[in-house]
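Each chain is listed here by its residues.
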Amino acid sequence: MTTTTKPTLSLRCQLPHGVQDRFLVEAARRRRAEAALRQGFARWGYQEVIPPTFEYYENLTVGASAELQQAMYRFFDHEGRTLALRADFTPQVARVAATKLFDQPMPLRCFYIGSVFRCEEPQAGRKREFIQAGIELIGANTPAADAEIVALAIAALEALQLRDFQINLGQMAFFRALTDDLPGDALLPIREAIDHKNNARLVEALDMAGVTGSQRDLLCRLPDLIGGPEILDETRALSASLTEASRAIAALDHLAQVYHLLRAYGVVERMILDLGEVRGMDYYTGITFRGVAPGLGWPIVSGGRYDDLITQFGRPLAAVGFGLGIERALLVQTRQGMPAPSIAPHVLVRGCEHPACLALVDRIRQAGCRVEVDVLGQDEAALVNQARQRGIPRTLCWTGDHWRLTDEKGKRALTEAALLQEAETWCS
Amino acid sequence: MNPLTIALPKGRLLEPAASLFRNLGWCCDLGNGSRQLLTTETRKVKTTEETMRFLLVKPADVPVYVEYGAADLGIVGQDVLRESGRDVYEPLTLGFGQCRLTLAGTPSQQGRDFRLVGGLRVATKYPRLTHAHFQEQGLSVEVIPLAGSIELAPLVGLADLLVDVVETGRTLRENGLVELQTIAACQATLIVNRVSHRLRLAEIRQLLSGLEAAKQRGVP
């Protein structure tokens, strides 16, 4: 009988709960996704903002929910001021816009890609450090601006080659108009019940708050007001007798306009209107949306209009934007069978002291190829073997008077010119 | 498209849950002697055939499967759901599995003002709910999490009180314990994954209306 002792890594080799290393193919996957998004955002006219990873805690909590504030990693500087790692980019971009970009021509189009930090229980696709990519369109409060954001979110998901996703579009301005007269503690259970589509609880909460009439009817209908633009007609009719009827109807009209513009973008088959979308009520003032895809139980992208945030940094600027969880998107990519990027070198070259050798290697690299030069002094046979094992398609050796290329076609002698010409095809 | 997947709870809710689906035309045979945890069933609705996948899962795990989307839907008691704190839709209570989450103890605990007692120990399978209940009343208690047979705890001095679900109250009475306070009424409820609800809206709505109709008819 053999006994096996489990090897325990010393603390030196352990990671804290909720963070991970990314390397080899996983690192390449992430950077490929970031590159696709960066390119997409730039093509839509967005420019990058790179705020610091940590700031004063009070500034990072502006507009943040109580849960998010609790989840922030806090620490102190040498003067005893409380700092925090960002849990979200939006307050940072808001601060930059309000203090440094406010006199640029409006609207501002900003994007960001980077780590955010939340000390919560890790769940699928989201650890305590995770990557968020997002955009903010600042200084425009029109249906056209709203439509651009939603269309860009869709374009971003398509740039990541996700299939079958769906965007649910809501209108917080409608929910606010519908519930503005309700005191906070009465509204909270109503909103939670709608958020969980818990009809039994909703009725209870409405009874407790003494809500009656068309306000009650509408609130009861909200969890089911999901579909195409036809639900707006029904909702308009029901809203006619509300106290805030004109505000509510204006909100619905705005939503209808956004939907109409999205039709022009050619993306309505991905859209579902959802008036029961009431998350983030303290934050969103207008349209809200969430992107979901089969293969993941949580949304991949979420956003909306938040006109009350930037004023807290000193400038009253309207804003709309979204954030996309890159790890979540990568999970969906994998589940949808997207192949991993290739990270193997294109060619393995035997080590050689000849300056002409290395000059040629440099030219192959300039042509865009990944070239690995052996530094262990291995001979050609060993290198060919290694290449086969590692999935590297070809090996190159300088014999003294010509280049010898070994690939799946066999061994070939090549002149420098011929070699360079072939190398062009290796990484196309 | 993949069939919808529903997680059913092992234990006392399984039979009424399964009979609900049998009533709707599915030949739901889970739990009947076989050790199978996953079956795919088909039913005929007019001329079309519908398929659904059934999973057999521990009650505490139903909200996990549904939150992650491994199951699109699940049936679970509201006590277990609240304790899990999982973020799912709860569109329909199912009218069976009624019970109440109760604070109980030995008869000597009756009439005590707990505000005046420090260091109360409460044994329970529902640590989160228990903690929340006492915190809402401004009371700080020591919660002792146990996995089962909670009635034992106050009898041997492990705890002063217990929080557990009670149907008839017979188990408590037989152990010489009394109910002190009802915390919440619970019943079986249908839960739905948030993403599945958006992506499979028509099918889920159809299922919901079928279940609602069956509930009105008094099934199970």
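Residues numbered from 1 in each chain as written. Chains lettered and ligands numbered in written order. Predicted model: local features only at pLDDT ≥ 70, side-chain atom pairs only at ≥ 80, totals over all residues.

1. Quick word on the nonpolar core
Residue and element names in this part refer to chain A.
Item 1. In this structure, V150, A153, L157, F174, I300, A319 and A329 are the most contacted members of the largest nonpolar core, which totals 95 residues.
Item 2. Looking at this core, the element that brings in the most residues is helix α5 (residues 143-159), giving 10 residues.
Item 3. Mapping this core onto the domain boundaries places at least three of its residues in each of domain 1 (16-165 + 293-342) and domain 2 (172-267). (Core = buried A, V, L, I, M, F, W, Y, C linked by C-beta atoms within 7 Å. Buried ≥ 20, exposed ≤ 12 C-beta atoms within 10 Å, placed from the backbone. Helix = DSSP H or I, 4+ residues; strand = E, 2+ residues; numbered from the N terminus. Domains from an automatic or database assignment.)

2. So, the domain arrangement of chain B
All names here are of chain B.
Item 1. Parsing chain B into structural domains produces domain 1 (4-97 + 187-216) and domain 2 (99-186).
Item 2. Placing the centre of domain 1 and that of domain 2 at their C-alpha centroids yields a distance of 30 Å.
Item 3. Contact residues are listed per partner, giving 8 residues for domain 1 and 7 residues for domain 2.
Item 4. Among the elements that make up the side of domain 1 that touches domain 2, the one with the highest residue count is helix α3 (residues 78-84) (4 residues).
Item 5. Here the side of domain 1 that touches domain 2 is built from residues that sort into no nonpolar, 5 polar and 3 charged. (Contact = placed C-beta atoms within 7 Å. Nonpolar A, V, L, I, M, F, W, Y, C, P; charged D, E, K, R; others polar.)

3. Notes on the interface of chain B and chain A
Item 1. Taken together, the contact between chain B and chain A spans 12 residues of the former and 16 residues of the latter.
Item 2. At the level of elements, α2 (62-68), β5 (89-93) and α7 (194-199) of chain B are the ones that each hand at least two residues to the side of chain B that touches chain A.
Item 3. The leading source of residues in the side of chain B that touches chain A is β5 of chain B, at 4 residues.
Item 4. Across the side of chain B that touches chain A, the residue classes tally to 6 nonpolar, 3 polar and 3 charged.

4. Overview of unusual backbone geometry
Trans peptide bonds make up the majority, and among non-glycine residues the majority have a negative phi.
Residue and element names in this part refer to chain A.
Item 1. For the bond running from M106 to P107, omega is 0°, close enough to zero to count as cis.
Item 2. Look at Q161: it is not a glycine, yet its phi comes out positive at around 60°.
Item 3. Here Q161 is to be found in the loop between α5 and β7 (166-171).
Item 4. In this structure Q161 comes out as partly exposed when scored by C-beta crowding, with 14 C-beta atoms within 10 Å.
Item 5. A positive phi angle, near 60°, is found at D164, a position not held by glycine.
Item 6. Tracing the chain through its elements places D164 in the loop between α5 and β7.

5. Digging into the domain arrangement of chain A
Think of interface size as the accessible area that goes away when the parts come together; that is how it is often given.
Item 1. Segmenting chain A into domains produces domain 1 (16-165 + 293-342), domain 2 (172-267) and domain 3 (347-426).
Item 2. On a C-alpha basis, the centres of domain 1 of chain A and domain 3 of chain A stand 43 Å from each other.

6. Quick look at the sheet that holds strand β4 (residues 73-77) of chain B
All names here are of chain B.
Item 1. The mixed open sheet is built from 6 strands, whose spatial order is β2-β3-β1-β4-β11-β5. Looking at the sheet topology across the chains shown, the edges are occupied by β2 (38-45) and β5. Adjacent strand axes in the sheet meet at a mean angle of 30°, parallel and antiparallel pairs treated alike.
Item 2. One ladder, built from 5 bridges, connects β4 with strand β11 (residues 188-192); its direction is antiparallel. In the strand pairing of β11, G77 is matched with A188.
Item 3. Its contacts with the sheet put helix α1 (residues 14-23) on β1 (4-9), β4 and β11, and the angle it makes with β1 is roughly 150°.
Item 4. In the packing of helix α8 (residues 201-216) onto the sheet, contacts are made with β1, β5 and β11, and the angle to β5 comes to roughly 25°. (Pairing = 2+ DSSP bridges. Axes fitted to C-alpha atoms, helices over the stretch in contact; angles between N-to-C directions.)

7. Some words on helix α13 (residues 355-366) of chain A
Item 1. Under the 1.5 Å per step criterion, the end-to-end length of α13 of chain A is 16 Å for 12 residues, consistent within 8% with the ideal 16 Å.
Item 2. Trailing α13 of chain A by a residue or two, G368 of chain A shows a phi angle of about 105°, which is positive. (Expected span 1.5 Å × (residues − 1).)

8. What about the pairing of strand β11 (residues 301-305) of chain A?
All names here are of chain A.
Item 1. The element β11 is largely enclosed, with a buried count of 5 among its 5 residues.
Item 2. Of the two faces of β11, the one lined by V301, G303 and R305 and the one lined by S302 and G304 are each fully buried.
Item 3. Note: strand β10 (residues 287-292) against β11, 4 bridges, orientation antiparallel. Counterpart to F289 in the pairing with β11 is G303.
Item 4. Here β11 pairs with strand β12 (residues 319-325) via 5 bridges, running antiparallel. Within β12, the residue paired with G303 across the bridge is F322.

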